[in-house]
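Chain and residue survey
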Amino acid sequence: QSVLTQPPSVSGAPGQRVTISCTGSSSNIGAGYDVHWYQQLPGTAPKLLMFDNTIRSSGVPDRFSGSKSGTSASMAITGLQAEDEADYFCQSFDSSLSSVVFGGGTKLTVL
Amino acid sequence: EVQLLESGGGLVQPGGSLRLSCAVSGFTFNSHAMSWVRQVAGKGLEWVSIISASSDYIYYADSVKGRFTISRDNSKNTVYLQMNSLRVEDTAVYYCAKKTYGPSGYFELWGRGTLVTVSS
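These numbers come from a predicted model, not from an experiment.

**Here's the deal with the pattern of salt bridges**
Scanning the entire structure with this criterion turns up six salt bridges over all chains. Between Arg-63 of chain A and Asp-84 of chain A there is a salt bridge, and its shortest N-O distance comes to 2.8 Å. Highlighted residues: Arg-63 of chain A in the loop between β5 (55-56) and β6 (64-69) and Asp-84 of chain A in the loop between β7 (72-77) and β8 (86-94), separated in sequence by 21 residues. The buried category is assigned to Arg-63 of chain A, whose relative accessible area is 13%. The residue Glu-108 of chain B makes a salt bridge to Lys-98 of chain B at a minimum N-O spacing of 2.1 Å. Here Glu-108 of chain B, found in strand β10 (residues 107-110), pairs with Lys-98 of chain B, found in strand β9 (residues 92-99); they are ten residues apart in sequence, far enough to count as distant. Take Glu-108 of chain B: its relative accessible area is 28%, and that puts it in the partly exposed class.

**Here we look at the interface of chain A and chain B**
Tallying the contact residues gives 18 residues for chain A and 18 residues for chain B. When the buried surface of chain A facing chain B is broken down by residue, Pro-46, Val-100 and Phe-102 of chain A rank first, second and third, together holding 33% of it. Here chain A is connected to chain B by zero salt bridges. Connecting chain A to chain B are seven residue pairs in polar contact (both at pLDDT 80 or more).

**A word on the environment of Arg-63 of chain A**
For the pair formed by Arg-63 of chain A and Ile-20 of chain A, sequence separation is 43 residues and the distance between their alpha carbons is 14 Å. If near-sequence neighbours (up to four positions away) are discounted, Arg-63 of chain A is found in contact with Ala-76, Ile-77, Thr-78, Gly-79, Leu-80, Gln-81, Glu-83 and Asp-84 of chain A.

**Topic: the side chain of Asn-28 of chain A**
Residues and elements named next belong to chain A. Summarising the element assignment, Asn-28 is placed in the loop between β2 (18-23) and β3 (36-40). On the basis of relative accessibility, which here comes to 0%, the residue Asn-28 falls in the buried class. Once residues lying within four places of it in the same chain are set aside, the contact partners of Asn-28 are Val-3, Leu-4, Tyr-33, Ser-92, Phe-93 and Asp-94.

**Considerations on the sheet that holds strand β7 (residues 68-73) of chain B**
Residues and elements named next belong to chain B. An order of β1-β3-β8-β7 is seen for the four strands of this open sheet, with the pairing classed as antiparallel. Taken across any chain shown, the strands that pair with only one partner, and hence form the sheet edges, are β1 (3-7) and β7. Within this sheet the neighbouring strands show an average axis-to-axis angle of 15 degrees, counted without direction.

**Describing the environment of Asn-28 of chain A**
Residues and elements named next belong to chain A. Along the sequence, Asn-28 and Leu-97 sit 69 residues apart, while their C-alpha atoms lie 9.3 Å from each other. A polar side-chain atom of Asn-28 sits 2.7 Å from the main-chain amide nitrogen of Ser-25. One polar contact links Asn-28 to Asp-94, side chain to side chain, over a distance of 2.8 Å.

**Here we look at the environment of Asp-90 of chain B**
All names here are of chain B. Considering the arrangement of structural elements, one finds Asp-90 in the loop between β8 (78-83) and β9. Taking relative accessible area as the criterion, Asp-90 reaches 1% and is therefore assigned buried. Residue contacts for Asp-90: discarding those within four places in its chain leaves Arg-38, Arg-67, Phe-68, Ser-85, Val-116 and Val-118. For Asp-90, the side chain forms a polar contact with the side chain of Arg-38, separated by 2.9 Å. At 2.7 Å, the side chain of Asp-90 and the side chain of Arg-67 are in polar contact.

Analysis parameters
- Residues numbered from 1 in each chain as written.
- Chains lettered and ligands numbered in written order.
- Predicted model: local features only at pLDDT ≥ 70, side-chain atom pairs only at ≥ 80, totals over all residues.
- Heavy atoms only, no water.
- Salt bridge = Lys/Arg side-chain N within 4 Å of Asp/Glu carboxyl O.
- Helix = DSSP H or I, 4+ residues; strand = E, 2+ residues; numbered from the N terminus.
- Buried < 20%, exposed > 50% of the residue type's maximum accessible area, 1.4 Å probe, protein only.
- Contact = heavy atoms within 4.5 Å.
- Buried area = accessible area lost by both parts, 1.4 Å probe.
- Polar contact = N/O pair within 3.5 Å; in protein donor to acceptor, adjacent residues only side chain to side chain.
- Pairing = 2+ DSSP bridges.
- Axes fitted to C-alpha atoms, helices over the stretch in contact; angles between N-to-C directions.

Bear in mind that shape data such as this cannot, by itself, settle questions of function.
Listed below in structure tokens is the structure:
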């Protein structure tokens, strides 16, 4: 069971908007630690998508956006494209565990 | 071109040992912390260990503490993960990653991974 909770799956039609939530607690996201997001395309390594809650990594289109509030964070994808179909993971730090922590991952399906 | 290339994975029996290597090119290796992250097939990511640029701080996940040892050779631009007393539950793809500084840091570059299978 992951310290950060993500929905196992989300889906949307091309052109639609989807959001992926990442819920933590007072010892990680709620303690002020930044949240970062990774995209993992099928059969490949994870790739940094967004860091420090809202900053897109180089080359990431502005269809991707991030936010953080309280003990949760979320990532939104607008104008959904077939190439967005992937697994998405959030990551932060937990002070109680003194450890980097990841969410369990969310599989995005483009219908 | 930035490249992180892991090697050393394979099949090992429970209780056995393996040493993973990650050869880096394309950035100033000796200025950055490096980490290992693993992923069980079809599952999520798990941080394993981190070593600072000059090896003065090293941390491990509780699940591997006392069994795994991370090290680096800045003259060879390589980071290592010595894995001893391997368990079935250590079976995973192991990625090396360049991590930014501090607990709030992130993994900005990843290798392709190397598969470790622990089975009798």
